[in-house]
Amino acid sequence: SQTIHQWPATLVQPVGSPLSLECTVEGTSNPNLYWYRQAAGRGLQLLFYSVGIGQISSEVPQNLSASRPQDRQFILSSKKLLLSDSGFYLCAWSSGFSNQPQHFGDGTRLSIL
Amino acid sequence: DAKTTQPTSMDCAEGRAANLPCNHSTISGNEYVYWYRQIHSQGPQYIIHGLKNNETNEMASLIITEDRKSSTLILPHATLRDTAVYYCIVRGGPNAGNMLTFGGGTRLMVKP
């Protein structure tokens, strides 16, 4: 069966520091991969999605970037974190076929001080 | 994507069936109905989805009305661990896009 792993689960970072969040998927090949952010008490905002290695689409211009160095690995990065980057970051995957559901990881709760 | 309407909250007794309604009167012919739930501090969990036929899996059943304007998620024997916010999402078709849009959802409280 397919599984998705995100780490770390929680992270506290100072303003201006770099960020690297990692997501890996097991049990499937060539998945679509997604990074979302969920602010407290609000819905999910899609940040990036990828349909293949090296292919990244950004949904919202911001301080973050994403990379997909391997088929089942998706990384969210920032060179300099802002206070507004605080939130709950979720990675998700789906098969490449349309209308298939997205499956989420357990998320990373990021606090910026 | 079509908009959905769900009750804000519901209670259910442990061991009884939980029936969560969703209204999606503007759904189009190629849009699917998806159900997710989110337990506090965890990522959303996919439950079930369907187009027009009723669906059942190990977690739940999905009943879609014949006109597809509403649906009901059924948890046959609710447990305390089913306490969560349940989201009904309508999405699909060639212009679906990639983002899942979660509305307010229904906060289900399963009580002993």
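**Things to note about the interface of chain A and chain B**
Stage number 1. Tallying the contact residues gives 19 residues for chain A and 17 residues for chain B.
Stage number 2. Of the roughly 1400 Å² buried between chain A and chain B on both sides combined, carbon and sulfur atoms contribute 53%.
Stage number 3. Seen at the junction of chain A and chain B, the total is three residue pairs in polar contact (both at pLDDT 80 or more).
Stage number 4. Elements represented by at least two residues in the side of chain A that touches chain B include exactly β4 (32-38), β5 (44-52), β9 (87-94) and β10 (103-104) of chain A.
Stage number 5. Element by element, the count of residues in the side of chain A that touches chain B is highest for β5 of chain A, at four residues.
Stage number 6. Class assignment of the residues belonging to the side of chain A that touches chain B gives a composition of nine nonpolar, eight polar and two charged.

**Overview of the sheet that holds strand β3 (residues 31-38) of chain B**
Residues and elements named next belong to chain B.
Stage number 1. Pairing is mixed across the open sheet formed by five strands, whose spatial order is β1-β9-β8-β3-β4. Every other strand in the sheet has two partners, leaving β1 (9-13) and β4 (45-50) as the edge strands with one partner each. The sheet shows a mean angle of 25° between the axes of neighbouring strands, direction not considered.

**Description of the sheet that holds strand β6 (residues 61-64) of chain B**
All names here are of chain B.
Stage number 1. Spatially, the four strands line up as an open sheet ordered β2-β7-β6-β5, and their pairing is antiparallel. Both outer strands of the open sheet, β2 (18-23) and β5 (55-56), are each paired with one neighbouring strand and no more.
Stage number 2. The pairing of β6 with strand β7 (residues 70-75) spans four bridges and is classified as antiparallel. When the bridges of β7 are listed, Ile63 appears paired with Thr72.

**Thoughts on the pairing of strand β11 (residues 108-112) of chain A**
Residues and elements named next belong to chain A.
Stage number 1. The side-chain alternation of β11 yields one buried face, formed by Thr108, Leu110 and Ile112, and one unburied face, formed by Arg109 and Ser111.
Stage number 2. Across four bridges, strand β2 (residues 10-13) lies against β11 in parallel orientation. Its bridge partner being in β11, Leu11 is matched across the sheet by Leu110.
Stage number 3. With three bridges connecting them, β9 and β11 associate as antiparallel partners. By the bridge assignment, Phe88 is partnered in β11 with Arg109.

**A word on the packing of aromatic side chains**
Stage number 1. For the coordinates displayed, the defined rule picks out nine aromatic pairs over all chains.
Stage number 2. Centroid distance Phe104 of chain A to Tyr36 of chain B: 5.9 Å. Interplanar angle 80°. Geometry classified as edge-to-face. With Phe104 of chain A in strand β10 and Tyr36 of chain B in strand β3, this residue pair bridges two chains. Each of the two residues, Phe104 of chain A as well as Tyr36 of chain B, counts as buried.
Stage number 3. The interplanar angle of 80° and the centroid separation of 5.0 Å between the aromatic rings of Tyr87 of chain B and Phe102 of chain B together place this pair among those described as edge-to-face. Of this pair, Tyr87 of chain B sits in strand β8 (residues 84-92) while Phe102 of chain B sits in the loop between β8 and β9 (106-111), and the two are 15 residues apart along the sequence.

**Some remarks on unusual backbone geometry**
Stage number 1. Between Trp7 of chain A and the following residue, Pro8 of chain A, the backbone shows a cis peptide bond with an omega angle of -5°.
Stage number 2. Within the secondary structure, Pro8 of chain A sits in the loop between β1 (3-7) and β2.
Stage number 3. In this structure, Ser41 of chain B takes a positive phi of about 70° despite not being glycine.
Stage number 4. Within the secondary structure, Ser41 of chain B is located in the loop between β3 and β4.

The rules behind each value
Residues numbered from 1 in each chain as written. Chains lettered and ligands numbered in written order. Predicted model: local features only at pLDDT ≥ 70, side-chain atom pairs only at ≥ 80, totals over all residues. Heavy atoms only, no water. Contact = heavy atoms within 4.5 Å. Buried area = accessible area lost by both parts, 1.4 Å probe. Polar contact = N/O pair within 3.5 Å; in protein donor to acceptor, adjacent residues only side chain to side chain. Helix = DSSP H or I, 4+ residues; strand = E, 2+ residues; numbered from the N terminus. Nonpolar A, V, L, I, M, F, W, Y, C, P; charged D, E, K, R; others polar. Pairing = 2+ DSSP bridges. Axes fitted to C-alpha atoms, helices over the stretch in contact; angles between N-to-C directions. Buried < 20%, exposed > 50% of the residue type's maximum accessible area, 1.4 Å probe, protein only. Phe/Tyr/Trp six-rings, centres within 6.5 Å; stacked < 30°, edge-to-face > 60°.

Note that every value here comes from positions in space, so none of it alone points to a role or purpose.
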